[in-house]
Amino acid sequence: MPVQGRELAVEPEAMVEVEVATVGIAGLTRVPVVLLREPGAREVIPIFIGPVEAGAILRGLSGDRPRRPLTHELLGDVLDGVEVRLERIYIDALVDGTFLGMLELRVAGRDEPIHIDSRPSDAIALALTAGASIHVAPAVMEAAREIEYEGFHDQVVVALGISVTPVDDDLREALELPDEPGVLVSDVRGKASDAGMMPGALLLEVNGEVPRTPLQFLERVRDTPKGEDAQLRYWQEGEEHELELSTDVPDPRSRRRTPERPSIET
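So, here's what we can say about the structure.

Calculation criteria
Residues numbered from 1 in each chain as written. Predicted model: local features only at pLDDT ≥ 70, side-chain atom pairs only at ≥ 80, totals over all residues. Heavy atoms only, no water. Buried < 20%, exposed > 50% of the residue type's maximum accessible area, 1.4 Å probe, protein only. Helix = DSSP H or I, 4+ residues; strand = E, 2+ residues; numbered from the N terminus. Salt bridge = Lys/Arg side-chain N within 4 Å of Asp/Glu carboxyl O. 1 Å grid on protein atoms, 1.4 Å probe; cavity = no way out; pocket = protein on both sides within 12 Å on 5 of 7 lines; lining within 4 Å. Points joined across faces, edges and corners; volume = space filled by probe spheres on them. Nonpolar A, V, L, I, M, F, W, Y, C, P; charged D, E, K, R; others polar. Patch = residues over 30% accessible without salt bridge, like charges linked within 9 Å, V, L, I, M, F, W, Y side chains within 5 Å. Areas by Shrake-Rupley, 256 points an atom, 1.4 Å probe, with all protein chains shown as cover. Lys, Arg positive; Asp, Glu negative; His and termini not counted. Charge placed at Lys NZ, Arg CZ, Asp CG, Glu CD. Axes fitted to C-alpha atoms, helices over the stretch in contact; angles between N-to-C directions. Parallel < 35°, antiparallel > 145°, perpendicular 65-115°, else oblique. Left-handed = near helix turned anticlockwise from the far one by under 90°. Contact = heavy atoms within 4.5 Å.

**Re helix α3 (residues 120-130)**
The element α3 is extensively covered by neighbouring structure, given that 8 of its 11 residues are classed as buried. Taken as a whole, α3 has its buried residues at Pro120, Ser121, Asp122, Ala123, Ile124, Ala125, Leu126 and Ala127. Among the residues trailing α3, Gly131 stands out with phi positive, at a value near 75°.

**A few points about the pattern of salt bridges**
Here the structure, examined in full by the defined rule, presents 13 salt bridges. The partner of Arg233 in a salt bridge is Glu240, and the shortest N-O contact between them spans 2.8 Å. In this structure, a network of salt bridges that share partners links the residues Arg6, Asp92 and Asp117.

**A word on empty space enclosed by the protein**
Under the criterion given, the structure shown has 1 cavity of 30 Å³ or more. Estimated volume of the largest cavity: approximately 50 Å³. Lining the largest cavity, in full, are Arg37, Glu38, Pro39, Gly40, Ala41, Val221, Arg222, Thr224 and Thr247. The class makeup of the residues in the lining of the largest cavity is 3 nonpolar, 3 polar and 3 charged.

**Considering a negative patch on the surface**
Together, Asp168, Asp169, Asp170, Glu173 and Asp179 give the surface a local cluster of negative charge. Mapping Asp169 onto the fold places it in helix α5 (residues 169-175).

**Quick look at unusual backbone geometry**
Despite not being glycine, Glu176 shows a phi value in the positive range, around 55°. Considering the arrangement of structural elements, one finds Glu176 in the loop between α5 and β12 (183-188). The exposure class assigned to Glu176 is exposed, which follows from its relative accessible area of 64%. Non-glycine residue Glu237 carries a positive phi angle of around 50°. Here Glu237 is to be found in the loop between β14 (230-236) and β15 (239-245). For Glu237, a relative accessible area of 65% translates into the label exposed.

**A few points about the packing of helix α1 (residues 51-62) against α3**
Contact geometry for α1 and α3: axes closest at 9 Å, N-to-C directions at 20°. With respect to each other, α1 and α3 are oriented roughly parallel. Of the two possible hands of crossing, α1 and α3 adopt the one that is left-handed. On α3, the residues touching Glu53, Ala56, Ile57, Gly60 and Leu61 of α1 are Ser121, Asp122, Ile124, Ala125 and Leu128. Within the contact of α1 with α3, the residues separate by chemical class into 6 nonpolar, 2 polar and 2 charged.

In short, geometric facts, not functional conclusions.
Put into structure tokens, the structure is as follows:
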């Protein structure tokens, strides 16, 4: 059931499910973009967003929640309170340079979902809060690939359901991590969690290459040959482990763990 007179520009079955990787900046304009990872693809897909939405998306990626809910967290709480589930969000069209999005809501007692027109940036922020899946139309993906962007090397990046951040000397000492290059695992979900990877691990290699920054972690995952699993090596609780993971998008409703970082006094 469409709301506000707009229907999806593309059938849901024709869209591609993606994973939110991180937030960056578009070329000369310096406008924020959210970077979406498509399974099996060598590129990520940048979508223009606003600074407020960029902050909300980064909070969702890092698992942070403000003491008092801000707009996107509040709307997620409202949906929970009235027993409405945000099941999917779509980025289904690009019209006159503007990306169009849609929420897909499931309401108790209704057989058909409700579709509500939305800015993609708001929809993505809500999806991270609610654990909804994110789907992009192929034509939108092709157009978005033309956008030039820069990533940040010092913030949270997510791929394969693994959130990573930079590791500094204080964290190395507090977590008793080895003096090896890598990135810190701050959150784990999906198959990586099922295999035993936990927050606080030090990710040492992806496909035989060392990720020295969170963005390099994303790049190493993207370089996984199509049709093959990503090969990970990580240090955890005094031992090294190896793990093979599919590059498919993890189930967004799989249980998220709260980052287990110690409190570091400076």
